[in-house]
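Structural features, examined
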Amino acid sequence: MYNHSLSQESQPCFKVSRVHVKPTRKSNSSVTMELMNLKLFLENHQMMDENERLRQKALFLHQENQNLLSEMKKKQLKLSCEH
């Protein structure tokens, strides 16, 4: 058994496991909160998916912009060398 006179360093470590008891009947507010939580979870997941899609699109547009800028600079350099 646990001895209160032991120092903090020598006290045994006890692991307490949680016991989950499912109620046989949930209250309306509990069900409502679970549904709201699920709705928010799904909305969050959709937002993260949309964010990733937009991030990929932004990366593509940035790369395309860099390529066009590079082409434009080459043409300007070529035109300036011709004159």
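Because the structure is a prediction, the values reported are computed rather than measured. (Residues numbered from 1 in each chain as written. Predicted model: local features only at pLDDT ≥ 70, side-chain atom pairs only at ≥ 80, totals over all residues. Heavy atoms only, no water.)

Some words on the confidence of the model for the protein
To keep it simple, the criterion reads: Summary of the metric used: pLDDT quantifies the predictor's per-residue confidence within the range 0 to 100. In what follows, a contact means two residues having at least one pair of non-hydrogen atoms within 4.5 Å.
For the protein, mean pLDDT is 82; residues scoring 70 or higher make up 71% of the total. Across residues 1-9, where pLDDT falls below 50, the model places five contacts with residues more than four positions away in sequence or in other chains.

Here we look at the pattern of salt bridges
To keep it simple, the criterion reads: Whenever a carboxyl oxygen of Asp or Glu lies within 4 Å of a side-chain nitrogen of Lys or Arg, that contact is scored as a salt bridge. Numbering goes from the N terminus for both helices and strands, where a helix is a DSSP run of H or I of at least four residues and a strand is a run of E of at least two. Only protein chains enter the calculation, and the probe is 1.4 Å; a residue is then buried if its accessible area is under 20% of its type maximum, exposed if over 50%, and partly exposed in between.
The final tally for this structure, using the stated rule, is two salt bridges. Across the pair Arg53 and Glu50 runs a salt bridge whose closest N-O atoms are separated by 2.7 Å. Here Glu50 and Arg53 lie together in helix α1 (residues 28-82), a separation of three residues that amounts to about one turn. By relative accessible area, which is 35% here, Glu50 ends up partly exposed.

Here we look at a nonpolar patch on the surface
Let me state the cut-off plainly: Patch construction takes residues with relative accessible area above 30% that form no salt bridge. Like charges are linked within 9 Å, and nonpolar side chains (Val, Leu, Ile, Met, Phe, Trp, Tyr) are linked within 5 Å. Only the protein chains shown count as cover for residues, and all accessible areas are computed by the Shrake-Rupley method using a 1.4 Å probe.
A cluster of nonpolar residues, Val31, Leu35, Leu38, Phe41 and Leu42, forms a patch on the protein surface that exposes about 480 Å² of accessible area. Residue class for Leu42 comes out partly exposed when judged on its relative accessible area of 45%.

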